[in-house]
Amino acid sequence: MSCGEPHDVDCGEILQRVYVFIDNELEDASSEEIRQHLEECAPCLDEYDLERCVKNLVHRSCGSDHAPDALRQKILLRLTQIQVETTTTD
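Note that the coordinates shown come from a computational prediction; the quantities given were computed from them, not determined experimentally.

## Focus on the UniProt feature "domain: Putative zinc-finger" (unreviewed entry) in the chain
- As recorded in UniProt, the sites labelled "domain: Putative zinc-finger" (unreviewed entry) are residues 11–44.
- Strand forms 0% of residues 11–44 and helix 82%; the C-alpha atoms that close the span are 7 Å apart.

See below:
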């Protein structure tokens, strides 16, 4: 995905890290880099908003149940793989 505008960081790279950004698990420098990109790039901001909404929906649906760490890592890995597959076919 790309909005066609030049950015310091490629849209695909931003979207690969957006899940970790949503969870506030990035270093401050990386978080600021993503924030800046989202301010400049409407398509990436839309994707971020969608992912954040899905995460909130899952959170509300699951209540306070926590997935085991191994399952969480498998899901994150698969989401990253799908994201890479999707961005390489666009």
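Here the narrative resumes, following the displayed structure.
## A look at helix H3 (residues 42–62)
- Compared with the 30 Å implied by 1.5 Å per residue over 21 residues, the 30 Å span of H3 between its first and last C-alpha is a close match.
- Along its buried surface, H3 packs onto helix H1 (11–22) and helix H2 (28–40).

## Side note on H2
- Look at H2: 19 Å from first C-alpha to last across 13 residues, which is about the 18 Å you get at 1.5 Å a residue.
- Listing the buried residues of H2 in full gives Ser 30, Ser 31, Ile 34, His 37 and Leu 38. Along the axis of H2, the buried residues cluster in a sector spanning 125 degrees; they form a single face. Residues Asp 28, Ala 29 and Glu 39 are exposed on H2 and point more than 90 degrees away from its buried face.
- Buried-residue contacts for H2 involve H1 and H3.

## Notes on the layout of surface pockets
- There is about 760 Å³ of room inside the largest pocket.
- Forming the boundary of the largest pocket are 20 residues, of which Asp 23, Lys 55, Val 58, Ala 67 and Arg 72 lie nearest the centre.
- Going through the elements one at a time, H1, H3 and helix H4 (69–89) are the ones with two or more residues in the lining of the largest pocket.
- By residue class, the composition of the lining of the largest pocket is ten nonpolar, four polar and six charged.

## A few points about the confidence of the model for the chain
- Per-residue pLDDT for the chain averages 84, and the proportion of residues at 70 or more is 91%.
- Between the elements of the chain, mean pLDDT differs from a low of 86, seen in H4, to a high of 89, seen in H2.

## A few points about the nonpolar core
- In terms of nonpolar packing, the biggest core is built from 14 residues, with Val 18, Phe 21, Ile 34, Leu 38, Cys 44 and Tyr 48 touching the most fellow members.
- If you list the elements that add at least two residues to this core, you get H1, H2 and H3.
- Examining the composition of this core, we find that seven residues originate from one element, H1, more than from any other.
- Sequence-distant contacts of Phe 21, that is, excluding residues within four places in its chain, are made with Leu 26, Ser 31, Ile 34, Arg 35, Leu 38 and Tyr 48.

## A few points about the pattern of salt bridges
- Tallying each qualifying case throughout the model produces eight salt bridges.
- Here Asp 23 ties to Lys 55 by a salt bridge, and the two come within 2.6 Å at their closest N and O atoms. With Asp 23 in the loop between H1 and H2 and Lys 55 in helix H3, the pair connects residues that are 32 residues apart, well separated along the chain.
- With a relative accessible area of 21%, Asp 23 lands in the partly exposed category.
- Residue classification places Lys 55 among the partly exposed positions, given a relative accessible area of 39%.

Basis of the calculations
Residues numbered from 1 in each chain as written. Predicted model: local features only at pLDDT ≥ 70, side-chain atom pairs only at ≥ 80, totals over all residues. Heavy atoms only, no water. UniProt positions renumbered as here; feature names shortened; annotations may be inferred. Helix = DSSP H or I, 4+ residues; strand = E, 2+ residues; numbered from the N terminus. Expected span 1.5 Å × (residues − 1). Contact = heavy atoms within 4.5 Å. Buried < 20%, exposed > 50% of the residue type's maximum accessible area, 1.4 Å probe, protein only. Arc of directions from axis to C-beta. 1 Å grid on protein atoms, 1.4 Å probe; cavity = no way out; pocket = protein on both sides within 12 Å on 5 of 7 lines; lining within 4 Å. Points joined across faces, edges and corners; volume = space filled by probe spheres on them. Nonpolar A, V, L, I, M, F, W, Y, C, P; charged D, E, K, R; others polar. pLDDT = per-residue confidence, 0-100. Core = buried A, V, L, I, M, F, W, Y, C linked by side-chain atoms within 4.5 Å. Salt bridge = Lys/Arg side-chain N within 4 Å of Asp/Glu carboxyl O.

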